[in-house]
Every structure is written in C-alpha cells, then in structure tokens.
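Given next are the chains, with one letter for each unit.
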Amino acid sequence: MATAGPRVPGRGALRALLLSVAVFSFACDACKKVIFNVPSKLEADKIVGRVNLKECLRSADLIQSGDPDFRVLDDGSVYTASPVVLSDEKRSFTIWLSDTKTQTQKEIKVLLEHQKKVLRKRHTKEAVLRRSKRRWAPIPCSMLENSLGPFPLFLQQVQSDAAQNYTIFYSISGRGVDQEPLNLFFIERDTGNLYCTRPVDREEYDVFDLIAYASTADGYSADLPLPLPIRVEDENDNHPIFTEAIYNFEVPESSKLGTTVGVVCATDRDEPDTMHTRLKYSILEQTPRSPGLFSVHPSTGVITTVTHYLDRETVDKYSLIMKVQDMDGQNFGLVGTSTCIITVKDSNDNAPTFKQNTYEASVEENAYNVEILRIPIEDKDLINTANWRANFTILKGNENEHFKISTDKETNEGVLYVVKPLNYEENHQVILEIGVGNEAPFTRDVALRMTTMNRALVTVHVRDQDEGPECSPAAQYIRITENAAVGSKINGYKAYDPETKSSNHLRYKKLNDPKGWITIDEISGSIITSKILDREAMAPRNDLYNITVLAIDQDGKSCTGTLAVSIEDMNDNPPEVLQSYVTVCKPKMKYTDISAVDPDEPIHGAPFYFSLANTSPETNKIWTLTKVNDTAARLSYWKNAEFQEYSVPITVKDREGQSTTKILTVNLCDCTHPSQCRAARRSAGVILGKWAILAILLGIALLFSVLLTLVCGVVGAKKRKGFPEDLAQQNLIISNTEAPGDDKVCSANGFMTQTVNNSGQGFCGTMGSGVKNGGQETIEMVKGGHQTLESCRGTGHHHTLDSCRGGPTEVDNCRYTYSEWHSFTQPRLGEKLHLCNQNEDHVPSQDYVLTYNYEGRGSPAGSVGCCSEKQEEDGLDFLNNLGAKFTTLAETCTKR
C-alpha cells in the first residue's frame, strides 16, 4: 500500500486561511467540475483522486480546500485528512485556487459519489471494480554512474496489481523528469517500463526521487503515488586533490626529532566512506636529495622531522613532492600531487668569533670622545638578525671608565672609544679584555658547548703631550678668622705641573671675589686680606666664601680652581630685640613677650639675658621683666599703670657678655585687641599729603575772602541801606544794622548774640537764611540745615537769631562786631576744611561753599554740601572734642 502523505492543517487553521483569502477582492471564476467515485467509507490519508490544477489556474500559488476533511497537494492530489463516511450518495466541496500577485481566484467543484462504477476490463468485459490485496510498492533500483548504455537504458518495470483486471496507465514525476535534469527518465504508459536516456554523474546527482502514478483511463487513481528512488552507484572517477597547490612551512634549525613541520590535506569528490575516498599520503621526492629529513603520516598528512641535524647554514630550504592516492594507496588508486616548501629558520647556533686574538691602538692623553679602534668578528648566522648582531663588552681594564665599546649596526664591528681623558703620567698604556656575544641567546646545544665567551686583548698606548698646569683638587679649603686685620696673609690655592709635579714657574690671578675682601700674590698664590672679613655679611651666612683662581704656566696654558674660604665666627655682634613698638590691651592682656636674635653663630649667641636698663623708679613700679626661654622675655605691668605710651629701655646680653640696649615703645591701651590701638595711632600720626596742604591753603584763602566781604559790607552799609541787588546769589551775605541792640545768648550752643532795634533790615548770626530787599536766600556755613538768618519785615518788628535748632531767641534788629563774627566762623571753617579733605585718596572736594536758593521760611530741607555729614541733633559741642587729628588743622585755620 502507498505510504502516508504529509498532514494538513487542522480545522481552525483552515478556517483562518479561508478568512484571510476572503480579505482579497478576487473575481472568482468556476472551473470544470470534477467527480470522484469513492467508497462510502474512506480512511484517513487515503488518496481520493487528482485534479488538474494547471488547467484551471496555472499561476496559482495558494491552494485551499473548502472541506477540512480533505487536503489538496500542489500536484492536485486529493487526500482524506480524517476518516470520512458518506452518509448520502453524494458529497461535494470546493477547491480554491488563488494568485495573490494578480489577485485572481478560481474554484473547482469536487463531487464525491459512492455508488459503484463499472470499469472496462482489458478484454472488453465489464465488471465492477473490486479492490483486492495489492503489490504496489517501491522496488529497489539503482544505476551505475557514467554508464556506457546502450540508451535508453532499461532500469525496471513498475506495475500495479489493478492492472490484472483493468486498463492502467503509468506516469512519473520528479527530478529527472519534469525537473532538472529534464527528460533523464521516462516510463512507458502502458507497460510501466522505466528507462534512463543518458549517463549520470553521481557527484552531481547521487539519487533521484521519482513519483510513480497508476490511473485508469478516466483518471481514477487506482493506487496512491509510489515513491520510486533511483540511486546512482559511485564509480572511482575523481582524483584526490590537495587543498593547496603549494604548501609553505617553517621549522627552526636544530629542531628536535619528531618536531611537527605542518599538515597537508586532500579531498576526493567520490562517495564518502568508501574505498574511492580512502586516501593515503606519502613523500615522492625531497630536494636537495640529502638523506630523508622529513616524513608524513599516511592517514593524517602531518609532516614531521626525522632527524635533529637540520642546519640552516648548510641548507636553508627544502622542497617536497607530496602524493595522495585513493583506494587506500593501492596501485590502481587515483593519485594527486602537491609541492611543499619547508624553510629552515635561523637559530643562534653559531657563536661570534674574533678574527684575531690581540689588537693594538693608541691615543693622546687628555683626548676624549674619540674612536681609537674597530674590531671585526665572524658569525655564520643569518645576517641582520638578532642571532647575527654582536654585543661587545669590556671585561677587564676599564675600572676607571675611560673607555666605551659599541656595535656598528652596518658592519657588525666593535667600535672602541675613549670617553674620559687618559693621563700619560699615570698610565703609559692600558690593556683591555673584550668579550663578544649576540643579541639573541644561544641555543641550548651551543650554550652547553661554550664554557666561556669569545675574548680578545686590546692594548691601548697613551701618547704624551705638553699639558698646562693642573688644578687638583678643583676646590681647596682654607680658614680665616672673622675681623682679621687688613693685610693678613694666608696660604692660597696651589696648582702644579703634571709632568714635573711642581708648582714652580706658575702665576696666579683672581678671577672672582664676590665681596672684594682679598688679593692674591701672583707668584706664590697666597691670599692677603684687603678688607675686614664679616661673616654676617655673607649670604647665606654659614656658607663658604668662594674665590675663583686662575693658574697660568710659562706657555700661557692655564687651569681654574676654587678657593673655598671658611670664615671663623667671632662674637662681634650683640643680640638685638626684634620689637620696637608693642601694644598691650589693658586689662585683657597682662603682659607682652619680646624676643631677640644674634647674627653670630650659636656658640656666641643664646641664652640671652634680658633686663630693664637704667630705669627710673616710676618705670620699675609699672614694668617687670621675666625670662620665657633662651631667646625671649615677658614684659608685664602693674595694675596701677595708666593708659598711655611708655618708653621702656631693655638691655639684652648674650652668653659671652655682648649686650645692647633698645628703647621699646609700649602702648598701654584701653582695647580688646591691639589692632584697635594701632588704627587710632595711625590716625593720630597722619602726615599731610599734597592734597591736604592744598585744602588748607584753599581754606585760608576762603577765610580771607570772608573777612574781606565783611569789611566791605560794613563800609558799604554806611553809604546805603539794604542789600545791593547784585548780591542776591553770593556765597556770603553781609548785613548791616542801623542801631545797636541788646546782647543775647543762645542757650542751645552757648553762642553769644546781640539784639538790635532796627526798623530797616537786619541779619542774625552766621547760618540759616538771609533777607535782601524782601527776598530770602540760604547760606550754609556749618553742619545742619535748620539754622536760618531771618530778617524782620517792617518797622518795629523783632528779629530772631535762630542759631540753635528748635530754640527761637527773640532779638531786636541784631548787630554783630567783626570779632564776634570771626570767633564764630573760624572753628566752623576749620571743621569744614577738614571734612572736605576726607574724600577717598585725599582728593580735595570741589564744593567747599555752595550757593542755594531760598527753599522757604523755616525749610526742613537740610544741606547737601560736602560739609553736611553730621546732623544737628548733636549740636555744636562736637567742635570741642574733635580729637588730636584735628588739632593741627584747627590751629592753622585760627591763626591771624
């Protein structure tokens, strides 16, 4: 019976496919109806028949069955998907054919009938088709590749048992029939004889899976399609082929026995796992034809060495002809060949050797950085590799490091240099022992054979030359006592002639003397002090005083040396108190510490002894001095000390009795921190700068202008009444009175005023507002903007000098003398001049006295001048307590 075909999708999947097809708007056309006569019961996976799908829609790429109990294959075969029982005589379903590219859809109606149908017998007798035991089964079939025919070549006969009673027609499909290679096989329709039309290459097609069909004349499938495999028997028609035409391998020389060189590999297209593909490797030929040095494993193709005598210096490259043969290497097997090139890599198996055992060279004394000898060597290893490049070493004779040897990279020679001057008087010749090796280490065999490095002796002859004097050692040391008398003579720098070892006939000169303290004797080289040597004048003090000396021989050759003078310290400096001015805040600070230093060496310095020097009884009652440590003392005061600056004489003495006395200014201040008193002291000690002096001069000029204005006003008042019109906007207004008045005193600031009966015009005091011809204007003279000079309008009215803020005083036509005006204005002008000089960087202000229009009677507006910083709430008492810093300025301003 026929074997079961592939299973079809389940009912759910089929419905999903049908729904997906319904999405497309295909134009459905019906094709020819197909009728199959089937039994009433059909088992699963049984063929029902075959539909010609190509006739209906050749380009169909989607085939679907409308009944999930049936499935349709691509060739049109219809199979049952599950057991089917036909309850009625007929059953139908639809086969859907779709072309999704052209959006075309067609349907084929399939009708199943289970009534019996009479088939035509082969001998014209009609009978009902009866199923019986069948012998429709695949028959093993094969053919030999590359067959010589004759063609068409009969392979076998396919026959269905239904052919015993009915007319059966046979057909085949598959690769070799309707697939490439086309028309290779065909079957006789009536007899079922299967033929091959031409030779077949197994390496191209090893098997052909054909499908045989048996059907009746009306298209009824009498049996399931029969798989018919035709196997192509292999023939040894392919030679084994190496994977590469030329193999390149490398192996180090002196390799051990059995060292792997490389692996060769070949392939054979014939059938695997047969004698046709069982390969065996061998070496046909070796070049050069020396004893065999290599072998190859017959099965794996691994090439190994069979000796340890590979020597690159003898043969550096070998060529092998490799052979591979199938049929396990039997004589009738097919053969393939390849070339294998084996390069012997260099190893450091040859030590470098000197061409001779001894060498000689010469060099002048005092020469250095000069090449004196080239030493050639021989090495058989590969040129310009680490195995060939030489490394030279000076083994003996270079203890003073006068020589250096290097390798010339081009010639591989050793180059010997003198790098430090040689002295003929010390050594006439030097014998060096030179060794040579390679950059790369030797191989184990060579290292075992060589017990010592290859060596050679080099004799270097030193040639004498006329040398100048020698300054040796370069620095010579002497000691001189500090404060030594001028003209003291001390041994100086000594140079000598290296050939005579004598200092005779040498002359000396001084090249450098930082302080100019000494002179040099030209013949003997002795030094003579030309000034008093002061150790404390050197920087740093404890360093040596270096003098550079030049020694010259009779030929004019010279050398330079250094004479290092160590100046022995003398106790010629007393200790000195570091502080000159200290501030002590009473009562927070009970004492202050003072310290001293001594520029002499410590042996002449601390411990220091502090004491109060020649003090008066008053000083002893206030100050006491106690020791803190070797270099410091503590100055304390008694509780009865007053706040002021004290001059305290303090004597300090070193360990050897050298002493000095210093007047220490101590500011005993009422403060919490010394910085507060320092700031006050700096303010009191202000030194007038150029801008301050200019401000003072301007103030004096302003003072005289005021005085001149007052005088002119008094004179002019005698000739006319009232104020002239051209004085409306002047800085100072001079008002005359017509009659004397009574003296009044302003209680607010103690300023004396006079009241005068006057029916005309008058003025009060020095500040505030003035009246001219019925008009009013303000003159600001001092701080505060509420002091006004008010005139009385109309005859018989009383006038008021309101010089005290908020304190009106009744006045009758006030009149003042020049002295009263002067005594009032002078201190205020002095204050204004000082305040105007207090701008940043001491730059004088440009608005000493400004003119302002009258802002209304009793105007609350204050002054905006530079002198209006202090408000009048404090009154004018501050003028009496300005402090020491205003004393000088005030005195200057009040001088007549």
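Below: a short report on this structure. (Residues numbered from 1 in each chain as written. Predicted model: local features only at pLDDT ≥ 70, side-chain atom pairs only at ≥ 80, totals over all residues. Heavy atoms only, no water.)

Let's talk about the overall build of the protein
The condition is simple: Numbered from the N terminus, helices here are DSSP runs of H or I no shorter than four residues, and strands are runs of E no shorter than two. We call a residue buried when its accessible area falls under 20% of the maximum for its residue type, exposed when it is over 50%, and partly exposed in between, using a 1.4 Å probe and counting protein chains only. Residue contacts are counted whenever heavy atoms from the two residues lie within 4.5 Å of one another. The Shrake-Rupley method, run with a 1.4 Å probe, gives the accessible areas here. Residue values count only the displayed protein chains as cover.
Each helix and strand in the protein was counted, giving eight helices and 60 strands. Sorting the 896 residues of the protein into buried and exposed places 42% on the buried side. Considering only intrachain contacts with a sequence separation of at least 6, the fraction spanning at least 24 residues in the protein is 66%. In the form shown here, the protein has an accessible surface area of approximately 48900 Å², with 51% of it arising from carbon and sulfur atoms.

Side note on unusual backbone geometry
The omega torsion of the bond from G149 to P150 falls at 5°, within 30 degrees of zero and hence cis. Relative to the elements of secondary structure, P150 occurs in the loop between β13 (141-144) and β14 (153-157). Of the consecutive residues T287 and P288, the connecting peptide bond is found in the cis state with omega at 0°. Of note, the phi angle at N146 is positive, near 60°, even though the residue is not glycine. When you line up the elements, N146 lands in the loop between β13 and β14.

Focus: the nonpolar core
Selection criterion: Residue types Ala, Val, Leu, Ile, Met, Phe, Trp, Tyr and Cys, when buried and joined through side-chain atoms within 4.5 Å, form a set referred to as a nonpolar core.
Grouped together as the largest cluster of nonpolar side chains are 28 residues, with contacts concentrated most on L155, F185, L194 and I230. Among the elements of the structure, β13, β14, β15 (169-174), β16 (185-187), β17 (193-196), β18 (207-215) and β19 (226-233) are those that each provide at least two residues to this core. With residues near it in sequence (within four places) discarded, L155 still touches C141, M143, F185, L194, Y195, C196 and I230. Membership of the second largest hydrophobic core comes to 24 residues, among which are F354, I394, V436 and A456.

Structural notes on the state of the cysteines
Stated formally: Two cysteine sulfurs form what is called a disulfide whenever their separation falls within 2.5 Å.
Scanning the model with the defined rule gives four disulfides in all. A sulfur-sulfur distance of 1.8 Å marks the disulfide that ties C31 to C56. Taking the torsion about the sulfur-sulfur bond, which here is approximately 70°, the covalent link between C31 and C56 counts as right-handed. Taken together, the residues C31 in the loop between β1 (27-30) and β2 (34-37) and C56 in helix α2 (residues 53-56) connect sequence positions 25 residues apart.

Quick look at the packing of aromatic side chains
For any pair of aromatic rings, the description consists of the separation of the ring centres together with the inter-plane angle of the planes. As a reminder of what qualifies: Any two of the Phe, Tyr and Trp rings considered here, Trp counted by its six-membered ring, make a pair once their centres fall within 6.5 Å; the pair's planes then place it as stacked at under 30 degrees, edge-to-face at over 60, or tilted in between. Counted as over-ring charges are cases with an Arg CZ or a Lys NZ within 6 Å of the ring centre that also lie within 35 degrees of the ring normal.
Within the structure shown, the criterion is met by 13 aromatic pairs. Judged by centre distance (5.1 Å) and plane angle (15°), the rings of F186 and Y195 are stacked. Here the aromatic cluster, defined as three or more aromatic residues joined through ring pairs, consists of F242, Y247, F249 and Y281. Lying over the aromatic face of Y213, R50 brings its terminal NZ or CZ to 4.2 Å of the ring centre. In this structure, K586 packs its charged tip against the face of F643, placed 5.5 Å from the ring centre.

Side note on a negative patch on the surface
So the rule is basically this: Patches here: salt-bridge-free residues with over 30% relative accessible area, like charges joined within 9 Å, nonpolar side chains (Val, Leu, Ile, Met, Phe, Trp, Tyr) joined within 5 Å. Counted as salt bridges are all cases of a side-chain nitrogen of Lys or Arg within 4 Å of a carboxyl oxygen of Asp or Glu. Charged-residue counts in this description rest on Lys and Arg as positive and Asp and Glu as negative, His and the chain ends being excluded. Where a charge lies is defined by one atom per residue type, namely NZ (Lys), CZ (Arg), CG (Asp) and CD (Glu).
Taken together, D464, D466, E499 and D555 make up a surface patch of like negative charges. Looking at the secondary structure, you find D464 in the loop between β37 (454-463) and β38 (475-481).

Re the sheet that holds strand β30 (residues 358-364)
Here is the rule we go by: In short, DSSP must find at least two bridges between two strands for them to pair. Lines fitted to C-alpha atoms define the axes, with helix axes restricted to the stretch in contact, and inter-axis angles between N-to-C directions lie between 0 and 180 degrees.
The four strands lie next to each other as β30-β37-β36-β33, forming an open sheet whose pairing is mixed. Each of the sheet's edge strands pairs with one partner strand only, and the pair in question is β30 and β33 (390-396). Averaged over all pairs of adjacent strands, the angle between strand axes in this sheet comes to 30°, irrespective of strand direction. Bridge count between strand β36 (residues 429-438) and β37: eight bridges; the pairing is antiparallel. Bridge pairing in β37 places V430 opposite V460.

What about a nonpolar patch on the surface?
A cluster of nonpolar side chains, contributed by W691, L694 and L698, occupies part of the molecular surface with about 250 Å² of accessible area. Checked against the element boundaries, L694 lands in helix α6 (residues 690-719).

With respect to the pairing of strand β7 (residues 77-80)
Judged by which residues are buried, β7 turns out to be covered on both faces: S77 and Y79 on one side and V78 and T80 on the other are all buried. In terms of strand pairing, strand β4 (residues 47-50) meets β7 through three bridges, oriented antiparallel. Considered in β7, the bridge of R50 is made with S77. Of the strand pairs in this sheet, strand β6 (residues 70-72) and β7 are connected by three bridges, and their pairing is antiparallel. Note on β7: the bridge partner recorded for V72 is V78. Linkage of β6 to β7, two consecutive antiparallel strands, is achieved through a turn of four residues, within which G76 is found at a positive phi near 95°.

Some details on the sheet that holds β16
Pairing is antiparallel in the open sheet, where three strands are placed in the order β14-β17-β16. Edge strands, defined here as strands with exactly one partner in the open sheet, are β14 and β16. Sheet twist, expressed as the average angle between the axes of neighbouring strands with direction ignored, equals 25°. Alignment of β14 against β17, held across four bridges, turns out to be antiparallel. The partner of Q156 across the bridge, within β17, is L194.

Overview of the pattern of salt bridges
If you walk through the whole model with that rule in mind, you get 21 salt bridges. With a shortest N-O distance of 2.9 Å, R374 and D408 are connected by a salt bridge. Pair noted here: R374 is in strand β31 (residues 370-375) and D408 is in the loop between β34 (403-407) and β35 (414-418), with a separation of 34 residues, a long-range link. On the accessibility criterion, R374 (34% relative accessible area) is partly exposed. According to the relative accessible area criterion, D408 is buried, its value standing at 18%. Each of the salt bridges in this network shares a partner with another, and the network as a whole consists of E371, R374, D408 and E413.

Some remarks on the environment of D497
Checked against the element boundaries, D497 lands in the loop between β39 (489-490) and β40 (507-512). Setting aside residues up to four positions removed in sequence, D497 forms contacts with S502 and L506.

Some thoughts on the side chain of S65
The test is simple: Pairs of N or O atoms within 3.5 Å make up the polar contacts considered here, provided that, within protein, one atom can donate a hydrogen while the other can accept it, and that residues adjacent in sequence are counted only when both atoms are side-chain atoms.
By secondary structure assignment, the location of S65 is in strand β5 (residues 62-65). Judged by relative accessible area, S65 falls into the buried class, the value being 5%. Of the polar contacts made by the side chain of S65, one reaches the backbone oxygen of D67; its length is 2.9 Å. Looking at S65, its side chain comes within polar contact range of the main-chain oxygen of F70, at 3.2 Å.

Thoughts on the environment of A484
Assignment of secondary structure puts A484 in the loop between β38 and β39. On a C-alpha basis, the gap between A484 and M570 in space is 9.8 Å, while along the polypeptide they are 86 residues apart.

A word on the environment of R455
Within the fold, R455 resides in strand β37. Residue class for R455 comes out partly exposed when judged on its relative accessible area of 38%. In this structure R455 touches F354, L395, E433, I434 and G435, once residues within four positions along its chain are discounted. A polar contact of 3.0 Å, which involves the side chain of R455, links it to the side chain of E433.

Structural notes on the side chain of T651
The topology assignment puts T651 in strand β51 (residues 644-653). A distance of 2.8 Å separates polar atoms of two side chains, one belonging to T651 and the other to T661. For T651, the residues in contact, after removing those within four places along its chain, are Y609, F610, S611, A613, S659, T660 and T661.

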